[in-house]
Amino acid sequence: MSLLPNLAAIRKNYAMESLTEDTVATEPVSQFKLWMEEAIAAEVNEPTAMVISTVNNAGRPSARVVLLKDVNPDGFVFFTNYNSRKGRELQQNPVASLTFFWPELERQVRIEGTIERVAPQVSDNYFHSRPVGSQIGAWASPQSQPINSRNDLEKADAEFTNKFSGLQVIPRPEHWGGFILRPDVVEFWQGRPNRLHDRIVYELHNNSWQLIRLAP
């Protein structure tokens with residue numbers, strides 16, 4: 001017996017926009033930039049939120065939501081604790097996928113590619129742009145590791161706050177920094193009526209992007 005018997009009745013017929021091969025950019029980063037700008041202009045909730053999926057050495061996948069912090073011609077940049085579960089898995093298996101969902105625009109973007117650390121200076125620059133409390137939090141939290149209680153976390157936060165109280169610049173922890181995902185597959189999904197959605201995929205072959213339409 002289903003615990004939530006009404007789930008099957010929930011549905012929405014998408015009909016806001018269309019997506020065609022003639023209207024998209026010639027490469028995916030430019031198309032993504034356009035859609036991100038439209039998501040921000042539309043004031044969608046958390047437009048930079050993305051699901052990042054990783055896999056461990058046993059082939060077991062895991063996913064969580066993080067925030068996109070930069071897009072450039074090379075790829076998509078985010079920051080994390082390198083010793084966290086995702087950090088460890090990304091270093092064990094340097095591939096990942098990203099998923100953006102903007103329901104207000106009836107749009108989804110899926111991105112697959114290879115992962116590498118950004119340059120230390122890039123991590124330094126972003127780290128020092130964060131609020132001081134967030135900088136201290138990067139020191140205080142052993143991300144993804146078991147802790148005894150919330151009190152332990154707050155105690156560590158207080159200890160690092162006191163430790164760095166006399167410094168004008170808080171050093172970035174070596175275990176914290178950025179990754180860049182270099183895409184080789186990017187799919188743009190636009191909701192359409194009757195579940196006949198538009199799906200346009202860019203695939204990288206021999207350093208050239210090829211455009212493919214997928215059935216919904």
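Residues numbered from 1 in each chain as written. Predicted model: local features only at pLDDT ≥ 70, side-chain atom pairs only at ≥ 80, totals over all residues. Heavy atoms only, no water.

With that settled, the discussion passes to the pairing of strand S5 (residues 95-102). Across the two faces of S5 the burial differs, with Ala96, Leu98, Phe100 and Trp102 buried and Val95, Ser97, Thr99 and Phe101 not buried at all. Examined bridge by bridge, strand S1 (residues 49-55) and S5 share three bridges and lie antiparallel to one another. Across the sheet, residue Val51 finds its bridge partner in S5, namely Thr99. By the bridge criterion, eight bridges tie S5 to strand S6 (residues 107-117) in an arrangement that is antiparallel. When the sheet's bridge partners are listed, Val95 is paired in S6 with Thr114. Linking two consecutive strands that pair antiparallel, namely S5 and S6, is a turn of four residues; a positive phi of about 55° is found at Glu106 within it. (Buried < 20%, exposed > 50% of the residue type's maximum accessible area, 1.4 Å probe, protein only. Helix = DSSP H or I, 4+ residues; strand = E, 2+ residues; numbered from the N terminus. Pairing = 2+ DSSP bridges.)

This part is about helix H1 (residues 28-41). Over its 14 residues, H1 runs 20 Å from end to end, which matches the ideal 20 Å to within 8%, given 1.5 Å per residue. The set of residues buried in H1 consists of Pro28, Val29, Gln31, Phe32, Trp35, Met36 and Ala39. Each buried residue of H1 lies within a common arc of 155° when the element is viewed along its axis, so the set occupies one face. Two or three places before Val29, at the opening of H1, Glu27 has a side-chain oxygen 2.9 Å from that residue's backbone nitrogen. Positioned one or two residues after H1, Glu43 has a phi angle of 55°, which is positive. (Expected span 1.5 Å × (residues − 1). Arc of directions from axis to C-beta. Polar contact = N/O pair within 3.5 Å; in protein donor to acceptor, adjacent residues only side chain to side chain.)

Turning next to the pattern of salt bridges. In this structure the tally under the stated criterion is 14 salt bridges. Its salt-bridge partner being Arg182, residue Asp74 comes within 3.7 Å of it at the nearest N-O pair. Of the two residues, Asp74 sits in the loop between strand S3 (70-72) and strand S4 (75-81) while Arg182 sits in strand S7 (residues 176-190), which places them 108 residues apart along the sequence. The partner of Arg85 in a salt bridge is Glu89, and the shortest N-O contact between them spans 3.0 Å. Here Arg85 pairs with Glu89, and both are found in helix H2 (residues 85-92), just four residues apart, close to one helical turn. On the basis of relative accessible area, Arg85 is assigned to the partly exposed category, the value being 33%. (Salt bridge = Lys/Arg side-chain N within 4 Å of Asp/Glu carboxyl O.)

Geometry only, nothing functional implied.
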